[in-house]
Amino acid sequence: MPHVVTQSCVGDGSCVYACPVNCIQPTPDDPAFELAEMLHVDPASCVDCGACISACPVDAIKPHTQLTEAERVFAGINAEYHAVPKARPVMAPMRPRLVVKDRGEALRVAIVGSGPAAMYAAEELLTVPDARVDVYERLDQPFGLVRTGVAPDHRRTRRVSRQMERIRESPRLSLHLGVEVGRDVTHEQLLEGHHAVIYAVGAASDRRLEIPGADLPGVVSATQLVGWYNGHPDHADRAVDLSHRRAVVIGNGNVALDVARVLTQDPDALDDSEIAPAALSALRTSGIEEVVVLARRGAEGSAFTLPELVGLRSTPGVALDVPASELVGTPDGHAKVALLRDLPAPAPGDRRIALRFRRAPLRVLGEGGVAALEVERTTTDASCAVVGTGELERLDAGLIVTSIGYRGLPVGDLPYDAARGIVPNALGRVVDPATAVPREGTYVVGWIKRGPSGFIGTNKGCSQDTVAALIEDYNAGLLPSPPAVVADPAPVGAPGRRERLRALAGQALAGRR
Ligand code: NAP
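Next up on the list: the domain arrangement of the protein. Examined at the domain level, the protein breaks down into domain 1 (3-81), domain 2 (108-204 + 408-512) and domain 3 (208-405). Distance between the C-alpha centres of domain 1 and domain 2: 30 Å. Surface buried jointly by domain 1 and domain 2 totals about 1200 Å² across both partners, of which 47% is contributed by carbon and sulfur atoms. Inspection of the region where domain 1 meets domain 2 yields three salt bridges. Across the pair Asp59 and Arg162 runs a salt bridge, and its minimum N-O distance is 3.2 Å. The interface formed by domain 1 and domain 2 includes nine residue pairs in polar contact (both at pLDDT 80 or more). Taken together, the residues of the side of domain 1 that touches domain 2 sort by class into five nonpolar, five polar and six charged.

The following block contains the structure:
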C-alpha cells in the first residue's frame, strides 16, 4: 500500500529523513529540492512503514487507500515523478551535525522575527549543547506567515504551527512578544547580550504595480488583503469593498490562488477556520460572483504550483473557468495544462474563478474608484520575455488585487538591495556590498535573505545554512563574547515591559546565566 504526498506538503524534508528506504524525492541535498513544487513517494519502493506519515508536520502523507476522491490525482503525480528511475543512495544524506568549539560559555543568539525561518534557525541552534536563543517578535502572536499568511482554509498547512510550538517549548528558548527591534531595543543592545543577531523579518511589503490608476480606491495589494482576512494587526481594520460583481487578481502565483479561493468559496466553509471574524462577515454579504486571475504568460508558465491547482479544482462551490482558446499554443505533456484542459463541469450556483493568460495590466480605469482594468494581450519572445501585441481589452471590475510578489523592507541600518528587496548576504552573513566586508555578528534567514520564494519548509535548509555560517564564525573567534545578558522577565502586556527590556538590554550585567 504505497503512501502518497498530497497538497499540503510544505517541503521541509522531515519525511525524507524518516523514510528507511529513501523513496521520497527530491532529497534536500538535491539541487532540484529548492525548486520542487512538492515531494514525491516512489510507489515501487515504498515499504508501507508509515514513518513518513508520523514525520510530516502537516499530515500531507496518506496511504493511497485513504485518499479522497479529490486527492486521488496525487497518486499519479507522485508516481509520475518516479517514472524514470534514478540512482539514489540507500538513505538520504544527512547534514553534518554542528560542531561547536568549547569557549567556556553558552552560545547566545538573538533572532528577530518568529516566523518559520526564525523558528527553524532556533531549532538548529538549539542542537548546540547549552545554547540559548532569544526570539523577538513585534506582534503579540508568534509564527509570522504561518498565522498571517497561510490561507485560513488551508487547515492542514496551518498545522505546521504545532512544529513551531514544539521548538518554542525548549527551556533554552525565550520568546519575547510585542518587542520591536529598532524601536524597543536596538541592534547594538542585542549584541551586548548575544554573540550574534539573526534577522528573520521576512518580506513585509509587496512589489508595487507601476501602472496608471494603481492608487485608485478599490486597488489593494495581496499583502493587505491576506493580512485583512487573516487578522494581521496592520491590516485587520481595513475596509474592503466586496459589493461588486467581479474582482480581478493580477499575477497567478499561489498567493493569487489563495485570494481568489477565499473570495469565491462558500463563507460557511470558512466558519471553523481561523479567518478574521470581520472578514468572514464581509464575505457573507459579498456580491462577488467572479474572480479573474490574470497572468502575463501562457498557462505553461503559471507561477501557481501543481498541488495548489489540484486543490483549486476541487474547492466546493467554485467553478474554474478556462476556455479552450486560453490554452491554444500551449505545449502538450505539461501537467498543469493537462489539468486545465480537464476541468470539472460547473454546478448550479457556483461562483467562478476565471484563469486568463497572456494578458498584462496596462492601466486601472475609473474616477474616484476602480471601474475596470485595461489589459494588453501578450506573447513571449525567443528569450521567454513577455512582449505586448498591441491588442487591448477592458475588464470591468470593482476590486483589483495586485498579487505580483512580496518585497522585503530595509532593516535598520543594515545594507539593503532595493532591486531584490533583500539584505545583501553571503550564505546568510550580512555583507556590505561596497566593501564585501561582513557585518560582525549579523545574519539573515528566510525571505529577507533570499527573496520571497519557496514554501514554509524551504526555510529549513535556508536557516540551517545560515546557522552553519554563524557557528563557523563562532569557532573562528569572529563573534566576541557578549558582556551582558538581555532578559525580559515580564509577561506580554505587563506595564513598563518595554522600558524594562530597554534598560536590561542597555545594562552591561556582569556574568552570564
Ligand atoms: P510568485 O509565485 O512569485 O508569483 C508572482 C506572480 O506575479 C507571477 O505570476 C508573476 O508573473 C506576476 N507578476 C510579477 N510582476 C508582474 C507585473 N508587473 N505585472 C503582472 N504580473 C506580474 O509570488 P506569490 O504568489 O506572492 O508567492 C510567493 C511565494 O510564496 C511563492 O514561492 C509561493 O509558492 C509561496 N506560497 C505558497 C503557498 C502554498 O504552498 N500553498 C501559498 C502562498 C504562497 P511573471 O511570471 O510573468 O513574472
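Attention shifts here to the packing of helix H4 (residues 116-125) against helix H7 (residues 160-168). Between H4 and H7, whose axes approach to 10 Å, the crossing angle comes to 40°. By the angle between their directions, the pair H4 and H7 is classed as oblique. As H4 packs across H7, the resulting crossing turns out to be left-handed. Between H4 and H7, the residues in contact are Pro116, Met119, Tyr120, Ala122 and Glu123 and Val160, Gln163, Met164, Ile167 and Arg168, respectively. A breakdown of the residues in the contact of H4 with H7 according to their chemical character gives seven nonpolar, one polar and two charged.

In this section: the sheet that holds strand E12 (residues 290-294). Pairing is parallel across the open sheet formed by six strands, whose spatial order is E10-E18-E11-E12-E14-E13. Two strands in the sheet have a free side with no partner beyond their single neighbour: strand E10 (219-221) and strand E13 (318-321). Between one strand axis and the next, the sheet turns through 20° on average, direction left out of account. Helix H9 (residues 222-229) rests against E10 and strand E18 (399-402) of the sheet, and its axis sits at about 75° to E10.

Next up on the list: the nonpolar core. Core analysis: the biggest nonpolar cluster contains 104 residues, and Ile111, Ile198, Leu263, Leu355 and Leu470 have the highest contact counts within it. Among the elements that line this core, the one with the most residues is H4, at seven residues. Ile198 has contacts with Val109, Ala110, Ile111, Val112, Ala121, Leu125, Tyr443, Val444, Val445, Val467 and Leu470, leaving out every residue within four places of it along the chain. Counting 17 residues, the second largest nonpolar core, distinct from the first, contains Val219, Val248, Ala354 and Val370.

What follows is about the confidence of the model for the protein. Looking at the protein, the pLDDT average stands at 93 and 94% of residues meet or exceed 70. Scored below 50 in pLDDT, residues 487-498 makes 22 contacts in the model with residues more than four places away or belonging to other chains. Predicted confidence for residues 500-513 stays below pLDDT 50, and this span has 37 contacts to residues more than four positions away or in other chains.

By secondary structure assignment, the location of Ser273 is in the loop between helix H10 (254-264) and helix H11 (277-284). A distance of 2.6 Å separates the side chain of Ser273 from the backbone oxygen of Leu270, its partner in a polar contact. With near-sequence residues (within four places) excluded, Ser273 lies in contact with Pro152 and Arg155.

So, about the side chain of Ser463. Inspection of the secondary structure puts Ser463 in helix H15 (residues 458-475). The class of Ser463 is buried, set by a relative accessible area of 0%. One polar contact links the side chain of Ser463 to the main-chain carbonyl oxygen of Ala117, over a distance of 2.8 Å. Not counting chain neighbours up to four residues away, the residues in contact with Ser463 comprise Ala117, Tyr120, Ala121 and Val445.

This brings us to the packing of H9 against H10. For any two helices packed against each other, one specifies the inter-axial angle together with the distance between the axes. Put simply, H9 and H10 touch, their axes get as near as 11 Å, and they point 50° apart. As far as their axial angle goes, H10 and H9 are oblique. Here H9 runs over H10; the crossing is left-handed. In this structure, H9 contributes Ala222, Leu225, Val226 and Tyr229 to the contact, and H10 contributes Val255, Asp258, Val259, Val262 and Leu263. Residues of the contact of H9 with H10, tallied by class, amount to eight nonpolar, no polar and one charged.

Per the stated rule, a full pass over the model turns up one aromatic pair. For the ring pair Tyr406 and Trp447, a centre distance of 5.4 Å and an interplane angle of 40° mean the geometry is tilted. Of the two residues, Tyr406 sits in strand E19 (residues 406-407) while Trp447 sits in helix H14 (residues 447-450), which places them 41 residues apart along the sequence. With respect to burial, Tyr406 and Trp447 carry one shared label: buried. Cation over ring: Arg103 sits above Tyr474, and NZ or CZ is 4.0 Å from the ring centre.

What follows deals with the site of the ligand. Near the ligand, the surroundings consist of 24 residues, among which Asn252, Asn254, Arg296, Arg297 and Gly454 are the closest. Arg296 has a polar side-chain atom sitting 2.6 Å from an oxygen atom of the ligand. Residue Ser403 places a main-chain N or O atom 3.5 Å away from an oxygen atom belonging to the ligand. Isolated, the ligand exposes 920 Å² of accessible area, and the fraction of that covered by the protein chains is 79%. Ranked by residue count, the leading element in the shell around the ligand is H10, at three residues. In terms of residue class, the shell around the ligand is built from ten nonpolar, nine polar and five charged. Counting only domains with at least three residues in the shell around the ligand, you end up with domain 2 (108-204 + 408-512) and domain 3 (208-405).

Reading the values: rules and limits
Residues numbered from 1 in each chain as written. Predicted model: local features only at pLDDT ≥ 70, side-chain atom pairs only at ≥ 80, totals over all residues. Heavy atoms only, no water. Domains from an automatic or database assignment. Buried area = accessible area lost by both parts, 1.4 Å probe. Salt bridge = Lys/Arg side-chain N within 4 Å of Asp/Glu carboxyl O. Polar contact = N/O pair within 3.5 Å; in protein donor to acceptor, adjacent residues only side chain to side chain. Nonpolar A, V, L, I, M, F, W, Y, C, P; charged D, E, K, R; others polar. Axes fitted to C-alpha atoms, helices over the stretch in contact; angles between N-to-C directions. Helix = DSSP H or I, 4+ residues; strand = E, 2+ residues; numbered from the N terminus. Parallel < 35°, antiparallel > 145°, perpendicular 65-115°, else oblique. Left-handed = near helix turned anticlockwise from the far one by under 90°. Contact = heavy atoms within 4.5 Å. Pairing = 2+ DSSP bridges. Core = buried A, V, L, I, M, F, W, Y, C linked by side-chain atoms within 4.5 Å. Buried < 20%, exposed > 50% of the residue type's maximum accessible area, 1.4 Å probe, protein only. pLDDT = per-residue confidence, 0-100. Phe/Tyr/Trp six-rings, centres within 6.5 Å; stacked < 30°, edge-to-face > 60°. Lys NZ or Arg CZ within 6 Å of the ring centre and 35° of its normal. Near = heavy atom within 4 Å. Areas by Shrake-Rupley, 256 points an atom, 1.4 Å probe, with all protein chains shown as cover.

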